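Chain by chain, the residues:
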Amino acid sequence: MDVIGLTSRSALLASGVSDDELARWCAGGELVRIARGAYLPAASAAGIGPDARHALEVRAAFERMRAPVAASHVSAAVLHGLPVWGIAVDRVHLTRMSPGAVRRSARLHLHGTGLGEDEVELVEAGHVTSVARTVVDIARTEPFEQAVAVADAALRAGLVAPTSLTYARGRARHRGGATAAGRVVAFADGRCESTGESRSRVALRRHGLPAPELQWEVRGGGRLIGRVDFGWPALRTVGEFDGRTKYTRDSQDDAAAVVWAEKRREDALRAVGLRVVRWTWADLVDFEPVAARLRSAFAGP
């Protein structure tokens, strides 16, 4: 292995490094143990995020496997570059290419279902389940909200088509969680532009609110006033999820100028008779106050 310095114990021993030296370098902070038998120089490990570390753990796991396998579930999502909000990355998930025994430990879950040739792709790190199979596996095994965020992101990035998700879900109809996967696939929508918007859409549904029109283009006086995250045209209401990136779109932008532009945009929306309800990431933890404000807006003045 040689991934930004990722090195295996066997390679180090072959180069003349002893186990005593390895232990000494780890104790002294020169090397960081990424996984069993896999090490990274401390300089490379500094500041590495959970997803990047998990990708390295997956690569290390590939080296230890004798049977043909592919990264799957959350591990595959990480290798595909999909956001995995709320999904634990403390265990590497691999699936056998051919059906076989399941193995599970604190750091590894080896799934034994087997994979069709069209369900496997080759990326730089190694074999990985296709995006469609990955999304469906996550939808079968993870909570609805987290799975929707992954599915929306895959659709948004153009990594998979809705028809491919439907087909992949059909192939999984006899596996555990297939019904849950069907709900995720039916609800997924690539028009959501962030994990926060995906979570917002789930929250709206859970609170029994009408399904919004996503990325609604509001026009007035023959011109485009703005495109809003969530719209209820018949109820004259718009909903906006205020993620931090909305105010840091361009590193050259002055934050105050961006906030001022957002205020003017909201004033323009209100000027054409729309009621505007905003919420933030923190509001998604307890959405009921936002839901109450939306119901009040729907009722009108």
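Residues numbered from 1 in each chain as written. Predicted model: local features only at pLDDT ≥ 70, side-chain atom pairs only at ≥ 80, totals over all residues. Heavy atoms only, no water.

Undergrad: Looking at this structure, how should I read the overall build of the chain?
TA: Counting its regular elements, the chain contains 12 helices and 13 strands. Taking all 301 residues of the chain together, the buried fraction comes to 48%. The contacts in the chain between residues at least 6 apart in sequence include a share of 54% that link residues at least 24 apart. Split by element, the accessible area of the chain, about 15,000 Å² in all, is 52% carbon and sulfur. (Helix = DSSP H or I, 4+ residues; strand = E, 2+ residues; numbered from the N terminus. Buried < 20%, exposed > 50% of the residue type's maximum accessible area, 1.4 Å probe, protein only. Contact = heavy atoms within 4.5 Å. Areas by Shrake-Rupley, 256 points an atom, 1.4 Å probe, with all protein chains shown as cover.)

Undergrad: Before we go on, may I ask you to explain helix α7 (residues 144-156) in this structure?
TA: Along an α-helix, a turn takes 3.6 residues, which lines up residues three or four apart on a common side. Between its terminal C-alpha atoms α7 stretches 18 Å, which fits the 18 Å expected from 13 residues at 1.5 Å a residue. Burial analysis of α7 places 12 of its 13 residues in the buried class, which makes it a mostly covered element. Burial in α7 covers these residues: Phe 144, Glu 145, Gln 146, Ala 147, Val 148, Ala 149, Val 150, Ala 151, Asp 152, Ala 153, Ala 154 and Leu 155. Contacts made by the buried residues of α7 are with α6 (131-141), α8 (162-171), α9 (178-187) and α10 (195-206). Looking one or two places after α7, you find Gly 158, whose phi comes out positive at around 75°. (Expected span 1.5 Å × (residues − 1).)

Undergrad: Any chance you could explain the side chain of His 54 here in plain terms?
TA: Relative to the helices and strands, His 54 resides in helix α4 (residues 50-64). Assessed through its relative accessible area of 0%, His 54 is described here as buried. At a separation of 2.7 Å, a polar atom in the side chain of His 54 contacts the side chain of Ser 75. The residues touching His 54, leaving out its near neighbours within four places in the chain, are Ser 75, Val 78, Val 89, Arg 91 and Val 92. (Polar contact = N/O pair within 3.5 Å; in protein donor to acceptor, adjacent residues only side chain to side chain.)

Undergrad: How should the sheet that holds strand β11 (residues 223-232) be read in this particular structure?
TA: Spatially, four strands are ordered β10-β11-β12-β13 in an open sheet, and the strand pairing comes out mixed. The open sheet has two free edges, formed respectively by β10 (213-220) and β13 (275-280), since each of these has just one partner strand. The average undirected angle you get between the axes of adjacent strands in this sheet is 45°. Direction of pairing for β10 relative to β11: antiparallel, over a ladder of seven bridges. Note that in β11 the partner of Trp 216 across the bridge is Val 228. Strands β10, β11, β12 (237-242) and β13 of the sheet are contacted by α10, whose axis makes an angle of about 55° with β11. Sitting on the sheet, helix α12 (residues 288-299) touches β11, β12 and β13, and the angle it makes with β13 is about 175°. (Pairing = 2+ DSSP bridges. Axes fitted to C-alpha atoms, helices over the stretch in contact; angles between N-to-C directions.)

Undergrad: Sorry, what's going on with the pattern of salt bridges here?
TA: Opposite charge on two side chains makes pairing possible when the charged atoms of those side chains draw close. Overall, the coordinates contain 19 salt bridges when judged by the stated rule. With a shortest N-O distance of 3.7 Å, Arg 171 and Glu 119 are connected by a salt bridge. With a gap of 52 residues between them, Arg 171 in helix α8 and Glu 119 in the loop between β7 (108-111) and β8 (120-123) connect regions that are remote in the sequence. Residue Arg 171 is classed as partly exposed on the basis of its relative accessible area, which comes to 29%. Glu 119 gets classed as buried once you look at its relative accessible area, which sits at 7%. Two residues, Glu 266 and Arg 270, come together in a salt bridge whose shortest N-O distance is 2.6 Å. One end of the pair is Glu 266 and the other is Arg 270, both in helix α11 (residues 255-271) and four residues apart, which spans about a single turn. (Salt bridge = Lys/Arg side-chain N within 4 Å of Asp/Glu carboxyl O.)

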